[in-house]
Amino acid sequence: MKRRDFISRTAAASTMVGLTGLGLNSCSSLGDKHITILHTNDVHSHIDPFPSSHGRYANLGGVARRASLVAQIRNENPNTLLFDAGDIFQGTPYFNFYGGELEFKLMSKLKYDAATIGNHDFDNGVDGLLAQIPNGTFDLLSANYDFSNTVLDGFVKPYHIYQLDGIKIGVYGLGIALDGLVTKRLYKETVYLNPFEIALDQERKLKEEENCDLIVCLSHLGYDYENPQRPSDIKLAQSTYHTNLIIGGHTHTFLDKPEVRTNLNGDSVLVNQVGAFGLNLGRVDFYFDAEKKVSGDGVSISV
Amino acid sequence: MSILNFKQIVLFATIGLLASCQPKDQHLSKIDGKLLPIDSTLTQVDSIVSFVSPFRNRINQILDSTLAIAPEDINLDDGPRNTSMGNFMADVILEETRPVFLKQTGKELDFVVMNRGGIRSIISAGKVTARHAFEVMPFENYIAVVELDGAAMRKLISFLINSSRIHAIAGMQIVLDRSGHLESVNINGSPFDENRTYHVATSDYLVQGGPSIGFFDEIVSVHDTQYLVRNAIIDHLKKIDTVTAQVDDRFIQKN
């Protein structure tokens, strides 16, 4: 981000806060609502910061630092959710030695709300993932993996609804095709279902049956591919009606800011991904006011 | 969006708020997104640091004890058709798997093929520890022994010759003539015989990947050794004092 943009944006944000304060004072029964969504992806067992000798990421990352940033943001806005878009496992000896125990326990200490399942989360098999579930206090969400004939049956939900300050936030998970990426011995009888069909079904349910105000997809499909046949977050954004935010993973894509695409209703969808290895935390703030119309018209997106 | 427009929208939204005071449906009015780097300006949460440290200490104790010494760097780019690191890896798999396979099946292992992409790091000159084995092989891949017939062997050899990457082999010699055509193949000391089957040790990743990833077409049988590739490297490092590996004549093109 350019420094100038950052300063002007900060000034604008301050203006917003000031005016909102006025609005609240003058009308106590009603006020703007603010939901903060924080996210990581492809942390790959990177618990410690990179060493100072590292060629690319010297002194960056580290879960103890991420913890303080998350706590600070939660302190500023209690209506905050924290998500992960998969590939929690594999990449440092912490995983090889302890099988993901630390990763799940630490995510619980940081009060992650939900994560989806990446291909590397199968690296110790469906049994290895099951073994870590008791160490996690967050939801595992995946709508397009059918685990009915595996030990994970009943431990993974397609979606979950979080209610914060009267705002209903529906979150569903999507995973990548496993064949050719993960050995069958590991994923066993897990069935991969078409992510686009499942996404349409999930978002319809969340919008029309559950009346969610905000719909978030945690995706491990990958950001964008040259092959147009390959499911990606960019394609997903353009193939759905109600999803507001796609939090992606798998391709280790570093985006400075969320990418904005137009969905089938002509509304804006945000696609975000924050690289890998816990080097960054993504932050998306949603502000609601209490107008009658619920369409996306007039949404100001400053990314 | 220019800052002026932004302020106007904020202003309109605020006027709207002031004007109407009945509880109404939620309307999404503004979205703001940013990337927050995790760097040394952030303080570390003490309880997290103290939770992780016993795990880290235990891992470091195991990983950082010296197993052997490498007098020179062992690299992945020091030869046109074979490399010192690839040769080290394939030789280790051959040496460590041969007795295991014989004990498990009573059969003789003929040669080794490992994919270049499965060798994730070089070994730098100096102390060699178990940590290097984790860097070279971070994945939980097991050694599998695949039985191939003559036709599948021919396809494997062609694949190795035509691949843009230098895959690692041991127990096998491939010689190409000046123009890059196959001149001879020796396996386990004898010329390639198309009328028999061969047992090749490899990473189970290549077996599970199926014919589409190139290496193994029709497989006669597969034996799972239950032996992790990484553990074979660690077992080997424990037996030796000095780690050396050279580019040699196992895969060459005459000039």
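Refer to the preceding data block for the structure.
A.B. asks: Report on the overall build of chain B, specifying residues and quantitative values.
C.D. replies: For chain B, the helix and strand inventory stands at seven helices and 12 strands. Here chain B, with 255 residues, has 46% of them falling under the buried criterion. Long-range contacts, defined as pairs at least 24 residues apart, comprise 78% of the intrachain contacts of chain B with a sequence gap of at least 6. For chain B, the accessible surface area stands at approximately 12300 Å², while carbon and sulfur atoms represent 50% of it.

A.B. asks: So, helix H4 (residues 101–109) of chain A: which residues are in play, and what are the values?
C.D. replies: Structurally, the α-helix is built with 3.6 residues per turn, so residues lying three or four positions apart point the same way. Looking at H4 of chain A, one finds that the buried residues are Leu 102, Glu 103, Phe 104, Leu 106, Met 107 and Ser 108 of chain A. Contacts from the buried residues of H4 of chain A go to helix H2 (63–76), strand E2 (80–84), helix H3 (93–98), strand E3 (114–115) and helix H5 (125–132) of chain A together with helix H2 (46–63) of chain B. Trailing H4 of chain A by a residue or two, Lys 111 of chain A shows a phi angle of about 60°, which is positive.

A.B. asks: Run through the pattern of salt bridges, naming residues and quoting values.
C.D. replies: Applying the stated criterion across every chain yields a total of 21 salt bridges over all chains. Across the salt bridge formed by Glu 189 of chain A and Lys 184 of chain A, the nearest N and O atoms sit 3.6 Å from each other. The shortest N-O distance in the salt bridge between Asp 217 of chain B and Lys 155 of chain B comes to 2.8 Å. Highlighted residues: Asp 217 of chain B in the loop between helix H6 (204–208) and strand E11 (221–228) and Lys 155 of chain B in helix H5 (residues 150–162), separated in sequence by 62 residues. What makes Lys 155 of chain B partly exposed here is its relative accessible area of 48%. Shared partners join several salt bridges into a network, and the residues in it are Asp 201, Arg 204, Lys 205 and Glu 209 of chain A.

A.B. asks: Account for the packing of aromatic side chains, with residues named and values stated.
C.D. replies: Residues and elements named next belong to chain A. Under the defined criterion, the tally for this structure stands at 18 aromatic pairs over all chains. Each ring, one from Phe 122 and one from Tyr 145, has its centre 5.7 Å from the other, and the planes form 80°; the classification is edge-to-face. A residue pair is termed long-range when its members are at least 10 positions apart, and Phe 122 in the loop between E3 and H5 and Tyr 145 in strand E5 (residues 145–146) qualify at 23 residues. You can call Phe 122 buried: its relative accessible area is 0%. Overall, Tyr 145 belongs to the buried group, its relative accessible area being 4%.

A.B. asks: Explain the pairing of strand E9 (residues 214–219) of chain A to me, using residue names and the numbers behind them.
C.D. replies: On a regular strand, each side chain points to the face opposite its neighbour's, so the side chains alternate between the two faces of the sheet. Residue and element names in this part refer to chain A. In terms of burial, E9 is a largely internal element, six of the six residues being buried. Burial along E9 is two-sided: the face carrying Leu 214, Val 216 and Leu 218 and the face carrying Ile 215, Cys 217 and Ser 219 are both buried. Two elements, strand E7 (residues 167–174) and E9, share six bridges in a ladder whose sense is parallel. What sits directly across from Gly 170, in E9, is Ile 215. When E9 meets strand E10 (residues 245–247), the two strands line up parallel, connected through three bridges. From the neighbouring strand, Cys 217 faces E10, where its bridge partner is Ile 246. On the question of chirality, the crossover connecting E9 to the parallel E10 by way of helix H8 (residues 233–238) is right-handed.

A.B. asks: Give me the sheet that holds strand E1 (residues 27–37) of chain B: which residues, what numbers.
C.D. replies: Sheet architecture is open: seven strands sit in the order E4(A)-E3(A)-E2(A)-E1(A)-E13(A)-E1(B)-E14(A), paired in mixed fashion. With partners counted over all chains shown, the strands left at the sheet margins are strand E4 (139–140) and strand E14 (300–302) of chain A, one partner each. Direction of pairing for strand E13 (residues 280–289) of chain A relative to E1 of chain B: antiparallel, over a ladder of 10 bridges. Residue pairing in the sheet places Asp 285 of chain A in a bridge with Asp 32 of chain B of E1 of chain B.

So, how was this worked out
Residues numbered from 1 in each chain as written. Chains lettered and ligands numbered in written order. Predicted model: local features only at pLDDT ≥ 70, side-chain atom pairs only at ≥ 80, totals over all residues. Heavy atoms only, no water. Helix = DSSP H or I, 4+ residues; strand = E, 2+ residues; numbered from the N terminus. Buried < 20%, exposed > 50% of the residue type's maximum accessible area, 1.4 Å probe, protein only. Contact = heavy atoms within 4.5 Å. Areas by Shrake-Rupley, 256 points an atom, 1.4 Å probe, with all protein chains shown as cover. Salt bridge = Lys/Arg side-chain N within 4 Å of Asp/Glu carboxyl O. Phe/Tyr/Trp six-rings, centres within 6.5 Å; stacked < 30°, edge-to-face > 60°. Pairing = 2+ DSSP bridges. Right-handed = clockwise from strand over helix to strand, strands pointing away.

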